[in-house]
Amino acid sequence: MTTEPLSRTILLLGIERFSDRDDVEQAYLRRMLYSIADRTLEAAGVDETVRLRAVRGGLRDGAHRRGRLRA
């Protein structure tokens, strides 16, 4: 059985010094970033049903290891 290869595009976005900000500012920035990403993908013709969002956290400051990562 032969399977055709799939084409995938990965879009990575981040906010500089995100974990240095308070919870209110983080929530606002996260909403704005999601809005920008959604509008960009929509304009590019990427259907919402094929989008996957994964929140990872800051790798350099170790926020994900200290339990400060919020979705």
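Structure shown above.
Here's a quick rundown of the structure. (Residues numbered from 1 in each chain as written. Predicted model: local features only at pLDDT ≥ 70, side-chain atom pairs only at ≥ 80, totals over all residues. Heavy atoms only, no water.)

**Regarding the pattern of salt bridges**
- The tally for this structure, following the rule as stated, stands at four salt bridges.
- R17 is the partner of D20 in a salt bridge, and the nearest nitrogen-oxygen pair spans 2.9 Å. As far as burial versus exposure is concerned, D20 and R17 are alike and both exposed.
- Notably, a salt bridge pairs D38 with R51, separated by 3.7 Å at the nearest N-O pair. Taken together, the residues D38 in helix α1 (residues 23-43) and R51 in the segment after α1 connect sequence positions 13 residues apart.
- Residue D38 is classed as partly exposed on the basis of its relative accessible area, which comes to 28%.
- What makes R51 partly exposed here is its relative accessible area of 23%.
- A cluster of three or more residues bridged by salt bridges with shared partners is formed by D38, R51 and R53. (Salt bridge = Lys/Arg side-chain N within 4 Å of Asp/Glu carboxyl O. Buried < 20%, exposed > 50% of the residue type's maximum accessible area, 1.4 Å probe, protein only. Helix = DSSP H or I, 4+ residues; strand = E, 2+ residues; numbered from the N terminus.)

**Some remarks on the packing of aromatic side chains**
- Inspection of the entire model under this criterion finds zero aromatic pairs.
- Positioned above the aromatic ring of Y34 is the side chain of R53, whose terminal nitrogen or guanidinium carbon lies 3.8 Å from the ring centre. (Phe/Tyr/Trp six-rings, centres within 6.5 Å; stacked < 30°, edge-to-face > 60°. Lys NZ or Arg CZ within 6 Å of the ring centre and 35° of its normal.)

**Quick look at unusual backbone geometry**
- For R17, which is not a glycine, the phi torsion comes out positive at approximately 55 degrees.
- Along the chain, the position of R17 falls in the segment before α1.

**Some details on the environment of L29**
- Looking at where L29 falls in the secondary structure, it is placed in helix α1.
- The sequence separation of L29 and I15 amounts to 14 residues, and the corresponding C-alpha distance is 7.9 Å.
- In contact with L29, other than residues within four places in its own chain, are I15, F18 and R21. (Contact = heavy atoms within 4.5 Å.)

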